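Fold and contact review
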Amino acid sequence: MHRNLSVDKYFLDLAAKHTPKYRFNGKTKADWQSWTKKLHAAAVNTLGIMPKKVPLNPEIIAEWTEDGLIKRRLYFDVEENLSVVAYLFRPKNAKQNEKLPAILCCHGHGPYGKESVMGNRATPAHRDDIARTNYDYGLQMAKAGFVTIAIDWRGFGERDDRRKPHYRNLIDEEHGDPCTLNYERSTILGMTLLGMDIHDGSCALDYLCSQSFVDPARIGCMGLSFGGTMTTWMSIYDKRIKAADIICYSDRFADFCIRDANACGSQVTPGLFVLCDVSDLQGLVAPRPLLIEIGIHDDCFLIDSSMSCYRELEKIYKAAGLSDRLELDLFEGGHRWGANKSVAFFKRWLA
């Protein structure tokens, strides 16, 4: 009798046989409408208990002019006894009283959080981070005429406790990275780290939409890698987002999450793969316009499973009668922002 002692093989076999409950297999607009309603409720429910909003109490720390932009650094509150730091950029040459389209720019899984996304080149490490992944879309999209805002997700950038003098060295080989530790802490309380980050992103939109120079009816969202995860979920959760650009986050849970172990506690929720795959989650962005960017040589989300995910997403938009609202930027490059279609995409859909 053959007995398998490999837990790794066990999960691979389980994933290979698994079909999510709400994997889209419809062909008509009615099928899409019924599916969307069921999956949206079920997916949001996996986020667990969501934090409660408090007054933002924003505090502008500094405002200066650079790169043809008016740049702002500020704090605001997201929960009782918890705040975030944000950068907000807007074009300096905008007309007086003009309300501009705006984009929430989501950073990925890296040590600098919002800094690289908003173009901070203060150190060689920051400059290398930006050069490696063409990471400064928050800065570049502001230069292209949009208001942009970015915050640190929990455990990243200025919210990474490993950078604090008081930190108790909890992140070690036993606990892994902050995402793992904070995922454990949140789920034992009936919450999820992803839900907490979505809450913080929603607070950022609250602040963004309160600004006199922002048109709250023209809000977009974009992000690379884990930033693509956040763009997917922010678009699902917050209907103020009218168009989304998901960069290098197109794949299958069975492949990147289970086979490649290429996920963290910031990106998953309990029971999510029971319900759906990544293509289904991204399909919940419809009927809003969606740009998917895939690097042919991406070594993080591999091209075969990335394109498999995208083909399933195509079926969802086609069934909904919305094929003209789904775009693909398949570019020659690795795990980075392609930057070939983003400006034109947001100018078209946030016009």
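Before any of the text, the structure's been laid out above.
Here's what I pulled together on the structure shown here. Just so it is clear, the model here is predicted, and its values are computed rather than measured. Within every chain, residues take consecutive numbers counted from 1 along the sequence as written. Where local features are concerned, this predicted model is filtered to residues with pLDDT of at least 70; where side-chain atom pairs are given and counted, the filter is 80 or more; whole-chain, interface and lining totals use all residues. In computing side-chain properties, one takes all heavy atoms of the structure into account and sets aside hydrogens as well as water.

So, about empty space enclosed by the protein. Using protein atoms alone on a 1 Å grid, points that fit a 1.4 Å probe yet trap it form a cavity, whereas open point sets bounded by protein on both sides within 12 Å along at least five of seven lines form a pocket; residues with an atom within 4 Å of a point count as lining. Grid points are joined across faces, edges and corners, and a volume is the space filled by probe spheres set on the points. Counted by the stated rule, this structure contains 1 cavity of 30 Å³ or more. In terms of lining residues, the largest cavity is bounded by R23, F24, R252, S279, D280, E312 and I316. Those elements that place two or more of their residues in the lining of the largest cavity are α11 (278–283) and α12 (303–319). Residues are grouped as follows: Ala, Val, Leu, Ile, Met, Phe, Trp, Tyr, Cys and Pro are nonpolar; Asp, Glu, Lys and Arg are charged; every other residue, Gly included, is polar. Among the residues making up the lining of the largest cavity, the classes are represented as 2 nonpolar, 1 polar and 4 charged. Helix numbering and strand numbering both begin at the N terminus, where a helix is a DSSP run of H or I of at least 4 residues and a strand a DSSP run of E of at least 2.

With that out of the way, let us pick up the pattern of salt bridges. Any carboxyl oxygen of Asp or Glu that lies within 4 Å of a side-chain nitrogen of Lys or Arg is treated as forming a salt bridge with it. In total, this model carries 25 salt bridges according to the counting rule given. The residue R121 makes a salt bridge to D136 at a minimum N-O spacing of 2.9 Å. Of the two residues, R121 sits in the loop between α3 (114–117) and α4 (124–133) while D136 sits in the loop between α4 and α5 (137–143), which places them 15 residues apart along the sequence. Judged by relative accessible area, which is 3%, D136 ranks as buried. The closest approach of N and O atoms between R154 and D200, which form a salt bridge, is 2.8 Å. Placement of the pair is R154 in the loop between β5 (147–151) and α6 (178–188) and D200 in helix α7 (residues 193–209), with a sequence separation of 46 residues. Residue R154 is classed as buried on the basis of its relative accessible area of 11%. Members of the salt-bridge network, linked through shared partners, are R23, R252, D277, E312 and K315. Per-residue accessibility, obtained with a 1.4 Å probe over protein chains only, is compared with the maximum for each type, and a residue is labelled buried under 20%, exposed over 50%, and partly exposed between these values.

Our next topic: the layout of surface pockets. Its boundaries defined by the atoms lining it, the largest pocket holds a volume of some 450 Å³. What lines the largest pocket is a set of 18 residues, among which F253, C257, I258, V268 and F273 lie closest to the centre. For the lining of the largest pocket, the secondary structure elements donating two or more residues are α1 (7–17), α9 (253–259) and α10 (272–275). Split by residue class, the lining of the largest pocket holds 13 nonpolar, 5 polar and no charged. Looking at the second largest pocket, its volume works out to about 370 Å³. Forming the boundary of the second largest pocket are 15 residues, of which L82, R154, D161, N182 and R185 lie nearest the centre. When residues of the lining of the second largest pocket are traced back to their parent elements, those giving at least two are α6 and α7. Looking at side-chain class alone, the lining of the second largest pocket contains 5 nonpolar, 4 polar and 6 charged residues.

Another aspect to go through is the side chain of H107. Here H107 shows up in the loop between β4 (100–106) and α3. Polar contact criterion, stated in full: a pair of N or O atoms within 3.5 Å, where within protein one must be able to donate a hydrogen and the other to accept it, and residues adjacent in sequence count only if both atoms are side-chain atoms. A polar atom in the side chain of H107 sits 2.9 Å from the backbone nitrogen of W153. Residues within four places of H107 in sequence aside, it is in contact with G113, K114, V117, Y135, Y137, I151, D152, W153, F156, L224, F226 and G227. Contacts are assigned to residue pairs that have any heavy atoms within 4.5 Å of one another.

Here we take up the environment of M222. Here M222 lies in strand β6 (residues 214–224). As a C-alpha pair, M222 and L82 span 140 residues in sequence and 25 Å in three-dimensional space. Sequence-distant contacts of M222, defined by excluding residues within four places in its chain, comprise I103, L104, C105, C106, Y137, M141, T231, D245, I247, W337, S342 and F346.

The next subject is the sheet that holds β5. Here, a strand pair is defined by DSSP locating no fewer than two bridges between the strands. In space, the 9 strands of this open sheet follow the order β1-β2-β3-β5-β4-β6-β7-β8-β9, with mixed pairing throughout. In the strand order of this sheet, the two ends are held by β1 (59–66) and β9 (326–331), each with one partner. Averaged over all neighbouring strand pairs, the angle between strand axes comes to 20°, with direction disregarded. Bridge count between β1 and strand β2 (residues 69–79): 7 bridges; the pairing is antiparallel. Paired with E59 across the strands is Y75, a residue of β2. Packed on one face of the sheet, helix α13 (residues 342–349) meets β4, β6, β7 (241–247), β8 (290–295) and β9 and runs near 165° to β7. Note on geometry: axes are lines fitted to C-alpha atoms, helical ones only across the stretch in contact, with angles between N-to-C directions running from 0 to 180 degrees.

Further remarks concern α4. At 3.6 residues per turn, the α-helix brings residues three or four places apart onto the same side. Of all the positions in α4, only H126, D129, I130 and T133 are classed as buried. When α4 is viewed along its axis, its buried side chains cluster within an angular range of 95° and face the same direction. Exposed side chains of α4 directed beyond 90 degrees from the buried face belong to P124, A131 and R132. Of the surrounding elements, those touching the buried residues of α4 are α3 and β6. Our arc is simply the arc of the directions from the helix axis toward the C-beta atoms.

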